[in-house]
Amino acid sequence: MNNESMNGVFNPKGIENMQTMLKMYLQHLIQPGDQVLDATAGRGKDTLFLAECVGSEGRVFAFDIQEEAIQSTRELLTAHKMLDRVALFRESHTEIGRLVPQGIRAAVFNLGYLPGSSSQTIITEPETTLQAVNDTLKLLAAKGVIVLTVYRGHSRSLEEANTLNAYAAELSKKDFHVLQGMYLNQGETSPYWLIIQKNRGDHS
């Protein structure tokens, strides 16, 4: 994937944009032909980015429980002529273990609620998020990663964040590397990211 095509997805301007930094990392990790996962498709921006990264021979598996999100993602992919690279599932990400094959290079989670939605009642939940992350770890290829952006502005967000942090902290350092990043000067409820890298391909 070349820099010209990347600039169509985002325009790096500095560290003020957490998503920009994470995408710069993923750009170098994901190779043409890889299989990747968008566990929270939302409006489709991450799905489109991943579709560009994997190229015409790769595959993106994208999940969202809301029809509004799936439709937005489908329209965006169609407009960029990349729908054929993506398998869209109107399913909870708790179904990842059932519907996604082994050998995932990268998985993206954006936790919270659908951007721009008139209702914020449909949110990611601690229990289902934890199941989805655990199932995804089993599907990762060696050196594959899960990248999570944790937004702490909805009704169960702090519980979700605490649950994820406790889970990640207990992962074997032999099998996984776990990094956390946040803005220290933007308050205790500002978003943060977690990156979990799988060291080997035989964890189950």
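Predicted model only: the values in this text are computed from it and were never measured.

Let's shift gears to the packing of helix H6 (residues 126–139) against helix H7 (residues 157–169). Their axes nearest at 9 Å, the elements H6 and H7 cross at an angle of 30°. It follows that H6 is roughly parallel to H7 by the angle criterion. H6 and H7 meet at a crossing whose hand is right-handed. Seen from H6, the contacting residues are Pro 126, Glu 127, Thr 129, Leu 130, Val 133, Asn 134 and Leu 137; seen from H7, they are Glu 159, Glu 160, Thr 163, Leu 164 and Tyr 167. Residue composition of the contact of H6 with H7, grouped by class: six nonpolar, three polar and three charged.

Between two packed helices, the angle of one axis relative to the other and the distance separating the axes together describe the packing. For the pair helix H3 (residues 45–54) and helix H4 (residues 67–79), the least separation of the axes is 9 Å and the interaxial angle reads 35°. Read as a crossing pair, H3 and H4 show a hand that is right-handed. For the pair H3 and H4, contact is made by Lys 45, Thr 47, Leu 48 and Ala 51 and by Thr 73, Leu 76 and Leu 77, respectively. Residue classes in the contact of H3 with H4 are distributed as four nonpolar, two polar and one charged.

The next subject is the sheet that holds strand E3 (residues 86–89). If you trace the seven strands from one edge of the open sheet to the other, you get E3-E2-E1-E4-E5-E7-E6, paired in mixed fashion. The strands lining the two open edges of the sheet, one partner per strand, are E3 and strand E6 (176–182). In this sheet, neighbouring strand axes are inclined to one another by 15° on average, regardless of whether the strands run parallel or antiparallel. Pairing geometry for strand E1 (residues 35–38) and strand E2 (residues 59–63), over four bridges, is parallel. When the bridges of E2 are listed, Asp 38 appears paired with Ala 62. Contacts from helix H2 (residues 18–29) reach strand E4 (104–111), strand E5 (140–150) and strand E7 (192–198) within the one sheet, and its direction differs from that of E5 by about 170°.

Quick notes on the rules
Residues numbered from 1 in each chain as written. Predicted model: local features only at pLDDT ≥ 70, side-chain atom pairs only at ≥ 80, totals over all residues. Heavy atoms only, no water. Axes fitted to C-alpha atoms, helices over the stretch in contact; angles between N-to-C directions. Helix = DSSP H or I, 4+ residues; strand = E, 2+ residues; numbered from the N terminus. Parallel < 35°, antiparallel > 145°, perpendicular 65-115°, else oblique. Left-handed = near helix turned anticlockwise from the far one by under 90°. Contact = heavy atoms within 4.5 Å. Nonpolar A, V, L, I, M, F, W, Y, C, P; charged D, E, K, R; others polar. Pairing = 2+ DSSP bridges.

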